[in-house]
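# Secondary and tertiary structure notes
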Amino acid sequence: MKRYELRSRTDRLDPETDYEEMSRILTTQEFPWDVTQALSFALFRTYAVPSIGKLLFSTGEFTDKVQKRYDDTTLILDSILEHGLGSPEGRTSVRRMNQMHGSYDISNDDMVYVLSTFVVTPVRWLDAYGWRKMTTNEIAGSVNYYRQLGRHMNIKDTPDTYEKFAEFMDNYEREHFSFDPGARAVADATLDLMCTFPPNNFAPKALVKGFAFSLMDNHLLDAFGYKRPSAAMRLISRGALKARGRLLRLFPVRTTRKFAREQPSIRSYPAGYKVEELGTFPTGCPVKHLRTDQQAQA
């Protein structure tokens, strides 16, 4: 295939009806590494909202079992992407996700925010570091994919355009990003895990984390209490990713699909897994919340 053949294919698809196939092509063939990195940073951003980061810390799962939680999240979303929301596998995956979320007191706004990071962060990542940018048609398909995922997750009032998702995400972060020690612990555990992924495991931890910090905006760094990297470190790190993107233009098109379960960072299930057994099985929310009458008195 020619280098831009997949782009031509996605631009011939209808984003209103073919959004699942468009997402498969982009995630598993056109930008498999980039989308994985972008979605990892998307999830990382959500920890800086205290209501999210504090809850994740309270479960203990994202500090004590961070590899398994990373794998479970990735594999559940991977199953939905591969098989489709309407398939038996897709329905099982969504059900498992809803069972976990339903055990916690999570606001609809927090759910919309997390969904918005999945829509917006890959577009911005590819704008900055990809070998090409996503087309308008591809972005529309991604919006519809995540809107449908949100509908199956019973998320209300999801934005209906990319611009509205981006506006919601940016406003939410401006209003809610702030320091929380539990959220910082979740972020630290996630960065420590990242240092173990190949090829990161061959480099000093300080260098790997410094590279990651260089890709984060100051607002995110400040929310976690991380030191801002130097301008030189930012230039080197971001420049390296941009150079990678330019180099990839010379590479042949990926002709086979690479799903997340094939990534070397997924390590919890060497003997295989069942989607219905992934994740946690909580009996209630570990974070105490005020009743409506108590909130009015506070």
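Heads up: these notes are all about the structure in this document. (Residues numbered from 1 in each chain as written. Predicted model: local features only at pLDDT ≥ 70, side-chain atom pairs only at ≥ 80, totals over all residues. Heavy atoms only, no water.)

A separate point is unusual backbone geometry. Of note, the amide linkage connecting proline 198 to proline 199 takes the cis form, showing an omega dihedral of 0°. Even without glycine at this site, asparagine 154 takes up a positive phi of about 65°. Tracing the sequence through the fold places asparagine 154 in the loop between α9 (136–152) and α10 (162–176). With relative accessibility at 52%, the residue asparagine 154 sits in the exposed group. Despite not being glycine, aspartate 157 shows a phi value in the positive range, around 55°. Mapped onto the elements, aspartate 157 comes out in the loop between α9 and α10. (Helix = DSSP H or I, 4+ residues; strand = E, 2+ residues; numbered from the N terminus. Buried < 20%, exposed > 50% of the residue type's maximum accessible area, 1.4 Å probe, protein only.)

Right, let's get into the layout of surface pockets. By volume, the second largest pocket is sized at about 400 Å³. For the second largest pocket, the lining is made up of 17 residues, of which Arg45, Thr121, Arg124, Leu215 and Asp217 are closest to its centre. Among the elements of the structure, α3 (32–46), α8 (108–129), α10 and α13 (218–224) are those that each provide at least two residues to the lining of the second largest pocket. The biggest single contributor to the lining of the second largest pocket is α8, with five residues. (1 Å grid on protein atoms, 1.4 Å probe; cavity = no way out; pocket = protein on both sides within 12 Å on 5 of 7 lines; lining within 4 Å. Points joined across faces, edges and corners; volume = space filled by probe spheres on them.)

In this structure the tally under the stated criterion is 18 salt bridges. With a shortest N-O distance of 2.7 Å, arginine 132 and glutamate 138 are connected by a salt bridge. Of the two residues, arginine 132 and glutamate 138, both sit in the buried class. Across the pair aspartate 160 and lysine 164 runs a salt bridge whose closest N-O atoms are separated by 3.1 Å. Under the relative-accessibility criterion, aspartate 160 is labelled partly exposed at 43%. Accessibility expressed as a relative area gives 43% for lysine 164, which makes it partly exposed. The network of salt bridges with common partners includes Glu61, Lys65, Lys68, Arg69 and Asp72. (Salt bridge = Lys/Arg side-chain N within 4 Å of Asp/Glu carboxyl O.)

What follows concerns the nonpolar core. In terms of nonpolar packing, the biggest core is built from 73 residues, with Phe44, Met216 and Phe224 touching the most fellow members. Ignoring anything within four residues of it in the chain, the contact list for phenylalanine 224 reads Phe44, Tyr47, Ala48, Phe179, Ala183, Arg184 and Ala187. (Core = buried A, V, L, I, M, F, W, Y, C linked by side-chain atoms within 4.5 Å. Contact = heavy atoms within 4.5 Å.)

Here we take up the side chain of threonine 74. Position of threonine 74 relative to the elements: it lies in helix α6 (residues 66–83). At 2.8 Å, the side chain of threonine 74 forms a polar contact with the backbone oxygen of tyrosine 70. Setting aside anything within four residues of it in sequence, one finds threonine 74 in contact with Ala260 and Ile266. (Polar contact = N/O pair within 3.5 Å; in protein donor to acceptor, adjacent residues only side chain to side chain.)

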